[in-house]
Amino acid sequence: MDRFRVVGPNRLEGRVRAAGAKNAALPALAATLLADAPVVLRGVPGVADMRTMRRLLAHDGVRSAELNGSPLGVSGAGGAAAAAVAGESVLELQPSTGPAPDEAPYELVKTMRASVLVLGPLLARRGHARVSLPGGCAIGVRPIDQHLAGLEALGATVELTAGYVEARAQRLTGAHFRFALPTVTGTENVMMAATLARGTTVLENCAREPEVEDLARLLVAMGASIEGAGEDRITIEGVERLGGADHTILPDRIEGGTYLIAAAATGGDVTVDNLDAEHLAPLLEKLAGAGAVVESGPGWVRVRRDGELLPRDIVTAPHPGFPTDLQAQYMALMTQARGHAAICETVFENRFQHVPELARMGASISVEGNLAKVTGPTRLSGAKVMATDLRASACLVLAGLVAGGETMIDRIYHLDRGYEAMERKLQSLGGRVERIAGP
Ligand code: EPU
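As the structure is a computational prediction, the values presented were derived from the model and not from experiment. (Residues numbered from 1 in each chain as written. Predicted model: local features only at pLDDT ≥ 70, side-chain atom pairs only at ≥ 80, totals over all residues. Heavy atoms only, no water.)

## As for the overall build of the protein
Consideration 1: In terms of regular secondary structure, the protein is built from 14 helices and 24 strands.
Consideration 2: Relative to the globule expectation of 22 Å for 439 residues, the C-alpha radius of gyration of the protein, 21 Å, shows essentially globular dimensions.
Consideration 3: Taking as baseline every contact in the protein between residues at least 6 positions apart, the subset at least 24 positions apart corresponds to 76%.
Consideration 4: Accessible surface, the protein as shown: approximately 16,000 Å² in total, 50% of it carbon and sulfur.
Consideration 5: Positive and negative side-chain charges in the protein, numbering 44 and 50 respectively, have mean positions lying 4 Å apart. (Helix = DSSP H or I, 4+ residues; strand = E, 2+ residues; numbered from the N terminus. Rg over C-alpha atoms; globule rule 2.2 N^0.38 Å. Contact = heavy atoms within 4.5 Å. Areas by Shrake-Rupley, 256 points an atom, 1.4 Å probe, with all protein chains shown as cover. Lys, Arg positive; Asp, Glu negative; His and termini not counted. Charge placed at Lys NZ, Arg CZ, Asp CG, Glu CD.)

Structure below.
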């Protein structure tokens, strides 16, 4: 297993490009199951989850090919500038021509929960889907009851047997459905299913994340009729078929936000290109409040800090609230702020696994339920730490950049699921980070 070796303290400076968003590319790839003509996706990030999703699509009969010849995925250590190794791909996905399973097998779902995104498309297009239940994960229980309730509202019969969800419907029928809580992939699954349903579907209490909107843009380009994506209420007029499209994945606000937090944490000066400041408003507001200078323009955001860092509390919430996917990285930042910062996690029930690891590096953090209190500033010192999930891993890399001495971060495969060539992007900003290949 690969590890990261970070030698600090570092000051990050320069420009880096955010890749296409993992959490927009995953549903976009799943959506190609709905199409009866080739779909081209641009800006597909070079992260491990894309390989998993492509394997899943291949299993279900959708072949994908890279049109730009860029190696998809993260390779070993290397010192090239980030721009040259961005690793984003242009993928062409060909619809299934012969019989193929309507299935997401346990082996793939267990490595990537987002595999559940094929449920809605398979059901809508083929009348049947069999998807392994994801089970729990490192950050929480994460049930999919709302995905299922939404599909049932469209007329599907859903059975749970032997760890699998089996959904059937001759043809789905438009309906009115209100999510009990906003769920990102749940909204995406039901929205995709409704595109091929007979009649009108109205979905309420939808997730408003920009990734939902991006998926709707792709579906509309494929011929779907959708209004309101990115808002609380989405209306979908079912159509008979969906065709091909050429779509560019929106930039990864979480990846970009991670580098901006790193700039503030290291007293650096970083500009992230291919990033929309509007999508990161809750983070940028906090960074400015904490004493960083934030500037932005079309397609870029710059964060720099010279002075002292001030504590600013956050409460994670569905978009447009503070994203849970930046909570761990923000906590690493707050270890450097003078005073007390309260960090409240409301989206997932178990997303503080980075706390004990940060504590091993010298951070002062107390946790009560879903509230973490960070007292700073602390001089972090390098240590051996273990990554437990994707964003917790990013938090530890940030802590390692700030800390004095050597930090060894184990289980970097979590990081590789969602960050494209992170060590190379950090190297291009002057960060002393290297990948140590493991057996
Ligand atoms: N929930 C339910 N029932 C459901 C669905 C969700 O109770 O049927 C609960 C979840 O347990 C959680 C809350 O609703 O407490 C919100 O979960 P949501 O469904 O919105 O999460 P998700 O769709 O499974 C996506 C991202 C996550 C991100 C969350 C929240 C993708 C592929 N994944 O997950 O990304 O944290 O939204 O913004 O889009 C990551 O990238 O590191 C990551 C975990």
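## Some remarks on the pairing of strand E13 (residues 234–237)
For a regular strand, side-chain orientation follows a simple rule: the groups alternate between the two sheet faces.
Consideration 1: Side chains Ile234 and Ile236 project from E13 onto a buried face, and the interleaved Thr235 and Glu237 project onto a face without burial.
Consideration 2: Alignment of strand E12 (residues 225–227) against E13, held across three bridges, turns out to be antiparallel. Across the sheet, Ser225 pairs through a bridge with Glu237, a residue of E13. (Buried < 20%, exposed > 50% of the residue type's maximum accessible area, 1.4 Å probe, protein only. Pairing = 2+ DSSP bridges.)

## Some details on the state of the cysteines
Consideration 1: This model, assessed by the stated rule, comprises zero disulfides.
Consideration 2: Left unpaired, Cys344 is separated from the closest cysteine sulfur, that of Cys395, by 17 Å.
Consideration 3: Given a relative accessible area of 16%, Cys344 falls into the buried group. (Disulfide = S-S within 2.5 Å.)

## Considering the site of the ligand
Consideration 1: The environment of the ligand is made up of 23 residues, and the closest members are Gln146, Thr183, Thr185, Asp325 and Val347.
Consideration 2: Protein contact buries 88% of the 830 Å² of open area that the ligand shows by itself.
Consideration 3: Elements that contribute at least two residues to the shell around the ligand include exactly helix H1 (22–31), helix H5 (145–153), helix H6 (184–194) and helix H12 (390–402).
Consideration 4: For the shell around the ligand, the per-class residue count stands at ten nonpolar, six polar and seven charged.
Consideration 5: Residue contributions to the shell around the ligand reach at least three from each of two domains, namely domain 1 (3–18 + 251–436) and domain 2 (22–248). (Near = heavy atom within 4 Å. Nonpolar A, V, L, I, M, F, W, Y, C, P; charged D, E, K, R; others polar. Domains from an automatic or database assignment.)

## Examining the sheet that holds E12
Consideration 1: The strand order E10-E11-E13-E12 describes an open sheet built from four strands, whose pairing is mixed. Whereas interior strands pair on both sides, the edge strands pair on one side only; in this sheet they are strand E10 (176–178) and E12. On average, each strand axis in the sheet is tilted by 15 degrees relative to the strand beside it, whichever way the strands run. (Axes fitted to C-alpha atoms, helices over the stretch in contact; angles between N-to-C directions.)

## Describing the domain arrangement of the protein
Consideration 1: On domain assignment, one finds that the protein holds domain 1 (3–18 + 251–436) and domain 2 (22–248).
Consideration 2: Averaged C-alpha coordinates put domain 1 and domain 2 at centres separated by 29 Å.
Consideration 3: In this complex, domain 1 contributes 31 residues to the contact, which on the side of domain 2 involves 32 residues.
Consideration 4: Roughly 2,600 Å² of surface becomes buried between domain 1 and domain 2 when both sides are summed, with 50% attributable to carbon and sulfur atoms.
Consideration 5: When the buried surface of domain 1 facing domain 2 is broken down by residue, Arg417, Glu420 and Arg424 rank first, second and third, together holding 29% of it.
Consideration 6: At the junction of domain 1 and domain 2, the tally comes to three salt bridges.
Consideration 7: A salt bridge links Asp49 to Arg417; the nearest nitrogen and oxygen atoms lie 2.8 Å apart.
Consideration 8: Of all elements in the fold, only strand E2 (13–17), H12 and helix H14 (422–428) reach the threshold of two or more residues within the side of domain 1 that touches domain 2.
Consideration 9: At five residues, H14 tops the list of elements feeding residues into the side of domain 1 that touches domain 2.
Consideration 10: By residue class, the composition of the side of domain 1 that touches domain 2 is eight nonpolar, eight polar and 15 charged. (Buried area = accessible area lost by both parts, 1.4 Å probe. Salt bridge = Lys/Arg side-chain N within 4 Å of Asp/Glu carboxyl O.)

## Description of the environment of Ala387
Consideration 1: Residue placement: Ala387 occurs in the loop between strand E22 (384–386) and H12.
Consideration 2: The buried category is assigned to Ala387, whose relative accessible area is 1%.
Consideration 3: Ala387 sits 27 residues away from His414 along the chain, and the two C-alpha atoms are 7.0 Å apart.
Consideration 4: Discounting chain neighbours no more than four positions away, the residues touching Ala387 are Ser393, Leu396, Ile409, Asp410, Arg411 and His414.

## Concerning H5
Consideration 1: If you check which residues of H5 are buried, you get Gln146, His147, Leu148, Gly150 and Leu151.
Consideration 2: The secondary structure elements touched by the buried residues of H5 are helix H4 (119–126), strand E8 (157–161), strand E9 (164–168), E10 and H6.
Consideration 3: Following H5 by one or two positions, Gly155 adopts a phi angle in the positive range, close to 105 degrees.

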